[in-house]
Each structure stands twice: as structure tokens, then as C-alpha cells.
Amino acid sequence: MPPRVFITRTLPETVMIAMTRRFEVLRAEPDRPLSAAEIAHGARDCEGLVSMLSDPIGDTVLAACPKLRVVANFAAGTNNVDLAAAKRRGITVTNTPGVLTEATADMAFALLLAVARRIVEGDALTRSGRWNGWGPTQLLGQGVQARRLGIVGMGRIGQAVARRAQGFGMDVVYHNRHRVDERTERSLDCHWVPLDELLRTSDYISLHCPLTPETRNLLSAEAFRTIKHGAYLINTARGEVVDEDAMIDALESGALSGAGLDVYTGEPRVNPRILALSNVVAAPHAGSATYATRDRMGMMVFDNLSAALAGQTPPNRVV
Ligand code: DGY
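Participant: It is not clear to me how the pattern of salt bridges should be interpreted in this structure. Could you clarify?
Facilitator: Two side chains with opposite charge may pair up if their charged atoms get near one another. In the structure shown here, the tally under the stated rule is 21 salt bridges. One salt bridge connects Arg 164 with Glu 102, and the closest N-O pair in it is separated by 2.8 Å. With Arg 164 in helix α7 (residues 156–167) and Glu 102 in helix α5 (residues 101–116), this residue pair connects regions lying 62 residues apart in the sequence. Given the relative accessible area of 38%, Glu 102 is considered partly exposed. For Arg 273, the salt bridge goes to Asp 245, with nearest N and O atoms at 3.9 Å. Separated by 28 residues along the polypeptide, Arg 273 in helix α12 (residues 272–275) and Asp 245 in helix α11 (residues 244–253) bring together distant segments of the chain. For Asp 245, a relative accessible area of 45% gives the class partly exposed. Residues participating in the shared-partner salt-bridge network are Glu 102, Asp 106, Arg 163 and Arg 164.

This is how it looks when you write it as C-alpha cells:
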């Protein structure tokens, strides 16, 4: 009998085909975000669980699935999974690092340019029928050339953003728990600075750290008081890295000129105050949403599951 696997959302077609060939696949119909209770119910007799970054996989879900051997998260981040509980119960957890680097860096840069050059506001004006022609002071925004970009979190995605920034002639600094090696710094033409200095001196701040107990609320109300007046914030990491109320206050007061956001605290709910702001470009957590990236993430999930359920160490084991 093939191992039984519960998949919480419909994955790209090629991935679903591979999954159904190798496993007995159970999935919820229709395709929609599931509650913790629904996931626990769906996976109760399964050895494998494929979860999304929006699925809360806490100890209650794990406890309800006594046969579970592996949780294969379809995401690089694993902040939605109670890793300590999984470890205690001997359940392997895997993720999909690496393959979404370029897509997420593209999204960060797309948001940066969109908010700085007011692309979404311009689009709305053009469509509105109220555009009365070119104007010398119409929709002025901020350029990026020679402006400072402060990257918080210099892992794979942070480095990919730094590469893009080089092409746009930006002055790049970064903050990371550990400095990256000198060769990488040289090749990206960037240097490490303390967080405080990054916040005080950057015209654009882009967040690329994972959500951990240490990075939750890293951009606190205090941090927003430190940020250079008129800077732009880009967040493609996790909403909870930022004190969202403090960010909104800063956007409303003009302390921040704008924000490009792909992530929010308490997704999929988005604070209505954010939605009321014309200086925010708001994407629906779509950083990795390219055809090729989602296929590759799915095949990584498949490889992780296959290995774990065959009793081997999966390639992307987290615990
Ligand atoms: C991840 O995988 O953690 C990303 O946020 C998906 O877009």
C-alpha cells in the first residue's frame, strides 16, 4: 500500500501527477484555505502532510494525527509549524529553500519601483478617465539611482536583491546576525552596518529575514522613530517582522514615504488602514508566484516526502 498523504491545497498539475503516482493522496475539495480543525481531520490517518505557509500546524493538529511521520511545508519559511512540538513527537518537518530566491527578489524590486514611482496610482489615474494630460508636477516619485538600500537579512534572497540593486546604481548596505564573507560583500559591493545605522541612513529598507522569536517585531515602534524621514519600506518576508500599527502610523504621518508590501500580520486579513493608504502597494503574498517557481517548490515537497516516507533523511529537513 502506498503511504497516505494529505495535501491541504491543490498544487501545480505536474506536482499533483507525481504525488498521485507515488502516494495515496487525500485532499480537501474545493480548494480553499483550511482551518486547523479541518487539517487535523483531513490528515488524521495519514503518514504525510503537505502544508502551506498559511496552514497553522500546531501541537493540536500533530496530536490528532498519530500516524504522521512528515510535514512537508510548501514554503521556505516554517513559522506556521510548531517545530518544537514536531520534534518532540518525532515528526520530520521539511521546507523548500533556494528555489524561490529569484522570484521573491523580483517581487521585492517590483514593489520597490512600484511604490517609489507610484505605478499603481498612475495606473488608476489612467483608467479613471480623469487624466487630463501630461503635467510637470504630476505623480512625482522618488528615483533609486545613488539612493541607499538597506537590506535586513542577507541570506539568499537578500543577496539576490542586492544584485538587482547593483544594476540600478544603488548604494547597498545590509544588516544580518552574521556578516557574510568578504568575497560576497565585495561581489555585491555592499557592507554590513548595525541595524540602527541602516534604519537611520537608508532611503529604502527591504526585509528578508525569516520570522523567528528574535525577528518578531524587529521593526518596532522605536525602530520606526529611528528610520530616516521619508524612507520607503519593502516587506516580502513576513508581516510579523514589523509592528504593523507603528508602520501604518509612520505611513499616515509621512515619516515613511511609502511601503511595498507582500505580507501582513494575520494574513489573509489586511488591516483596513493599510488598504486606505495610496502610498502603499499591496500584493497578496505572491513573492514566489511564478509558474516555474511553484513547480520547483512542489517537486521539492515531493522529493522531501518521498525520502522521509522511505525512511531516508529528506534533502530539506528542518527538524
Ligand atoms: C515562503 O515560501 O516562505 C514564501 O513566503 C512564499 O512566497
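What follows picks up the thread again.
Participant: Sorry, what's going on with the site of the ligand here?
Facilitator: Every residue near the ligand is listed here: Leu 53, Ala 75, Ala 76, Gly 77, Leu 100, Arg 238, His 285 and Ser 288. The separation between an oxygen atom of the ligand and a polar side-chain atom of His 285 is 2.8 Å. Separating an oxygen atom of the ligand from a side-chain N or O atom of Ser 288 is a distance of 3.0 Å. Relative to its free-state accessible area of 230 Å², the ligand is covered by the protein chains to the extent of 91%. Its residues assigned to classes, the shell around the ligand comprises four nonpolar, three polar and one charged.

Participant: Hey, could you run me through the pairing of strand β4 (residues 70–74) in this one?
Facilitator: The two faces of the sheet receive side chains in turn, since in a regular strand these alternate between them. In terms of residue burial, β4 counts as a mostly covered element, since five of its five residues are buried. What you see with β4 is no split at all: Val 70, Ala 72 and Phe 74 on one side and Val 71 and Asn 73 on the other are buried throughout. Two elements, strand β3 (residues 48–52) and β4, share five bridges in a ladder whose sense is parallel. Within the sheet, the bridge partner assigned to Leu 49 lies in β4 and is Val 71. Each parallel crossover has a hand, and for β4 linked through helix α4 (residues 83–88) to strand β5 (residues 92–94) it is right-handed.

Participant: Help me understand the environment of Ala 114 in this model?
Facilitator: For Ala 114, the location among the structural elements is in helix α5. By relative accessible area, Ala 114 is classed as buried at 12%. In sequence terms Ala 114 and Val 281 are 167 residues apart; their C-alpha atoms lie 7.0 Å from each other. Excluding residues that lie within four positions of it along the chain, Ala 114 makes contacts with Ile 119, Val 120 and Val 281.

Participant: Got a minute to help me understand the side chain of Thr 96 in this structure?
Facilitator: Assignment of secondary structure puts Thr 96 in the loop between β5 and α5. Residue class for Thr 96 comes out buried when judged on its relative accessible area of 0%. From its side chain, Thr 96 meets the backbone nitrogen of Ala 76 in a polar contact 3.4 Å long.

Participant: I keep staring at the sheet that holds strand β10 (residues 231–235) and nothing clicks. Help me out?
Facilitator: Strands in a sheet are paired, the pairing made by backbone hydrogen bonds, and the direction either parallel or antiparallel. Taken in spatial order, the seven strands of this open sheet run β8-β7-β6-β9-β10-β11-β12, and their pairing is parallel. Strands with a single pairing partner mark the edges of an open sheet, and in this sheet they are β8 (190–192) and β12 (280–282). Across the sheet, the mean angle from the axis of one strand to that of its neighbour is 15°, orientation sign disregarded. Taken strand by strand, α5 contacts β6 (148–152), β9 (204–207), β10, β11 (256–261) and β12, and its axis lies near 145° from that of β10. Along the sheet, α11 makes contact with β10, β11 and β12, crossing β11 at roughly 130°.

Participant: Got a minute to help me understand α7 in this structure?
Facilitator: In an α-helix, one turn spans 3.6 residues, which is why side chains three or four residues apart end up on the same side. The end-to-end C-alpha distance of α7, which contains 12 residues, comes to 17 Å, matching closely the 16 Å that a straight helix rising 1.5 Å per residue would cover. Buried residues of α7: Gly 158, Ala 160, Val 161, Ala 162, Arg 164 and Ala 165, and no others. Each element contacted by the buried residues of α7 is listed here: α5, β6, β7 (171–175) and α8 (182–188). Gly 169 occupies a position one or two residues after α7 and carries a positive phi of about 70°.

Participant: Just to check I follow, could you spell out the domain arrangement of the protein chain for this structure?
Facilitator: A common way to state how big an interface is: give the accessible area lost once the parts meet. We note that the domain assignment places domain 1 (4–99 + 291–309) and domain 2 (101–282) within the protein chain. On a C-alpha basis, the centroid separation for the pair domain 1 and domain 2 is 31 Å. When domain 1 packs against domain 2, close to 510 Å² is buried across both sides, 46% of that on carbon and sulfur atoms. Area buried by domain 1 at its contact with domain 2 is led by Leu 53, Asn 79 and Gly 98, which between them contribute 67% of it. Seen at the junction of domain 1 and domain 2, the total is zero salt bridges. By residue class, the composition of the side of domain 1 that touches domain 2 is three nonpolar, four polar and no charged.

Criteria and thresholds
- Residues numbered from 1 in each chain as written.
- Predicted model: local features only at pLDDT ≥ 70, side-chain atom pairs only at ≥ 80, totals over all residues.
- Heavy atoms only, no water.
- Salt bridge = Lys/Arg side-chain N within 4 Å of Asp/Glu carboxyl O.
- Helix = DSSP H or I, 4+ residues; strand = E, 2+ residues; numbered from the N terminus.
- Buried < 20%, exposed > 50% of the residue type's maximum accessible area, 1.4 Å probe, protein only.
- Near = heavy atom within 4 Å.
- Polar contact = N/O pair within 3.5 Å; in protein donor to acceptor, adjacent residues only side chain to side chain.
- Areas by Shrake-Rupley, 256 points an atom, 1.4 Å probe, with all protein chains shown as cover.
- Nonpolar A, V, L, I, M, F, W, Y, C, P; charged D, E, K, R; others polar.
- Pairing = 2+ DSSP bridges.
- Right-handed = clockwise from strand over helix to strand, strands pointing away.
- Contact = heavy atoms within 4.5 Å.
- Axes fitted to C-alpha atoms, helices over the stretch in contact; angles between N-to-C directions.
- Expected span 1.5 Å × (residues − 1).
- Domains from an automatic or database assignment.
- Buried area = accessible area lost by both parts, 1.4 Å probe.

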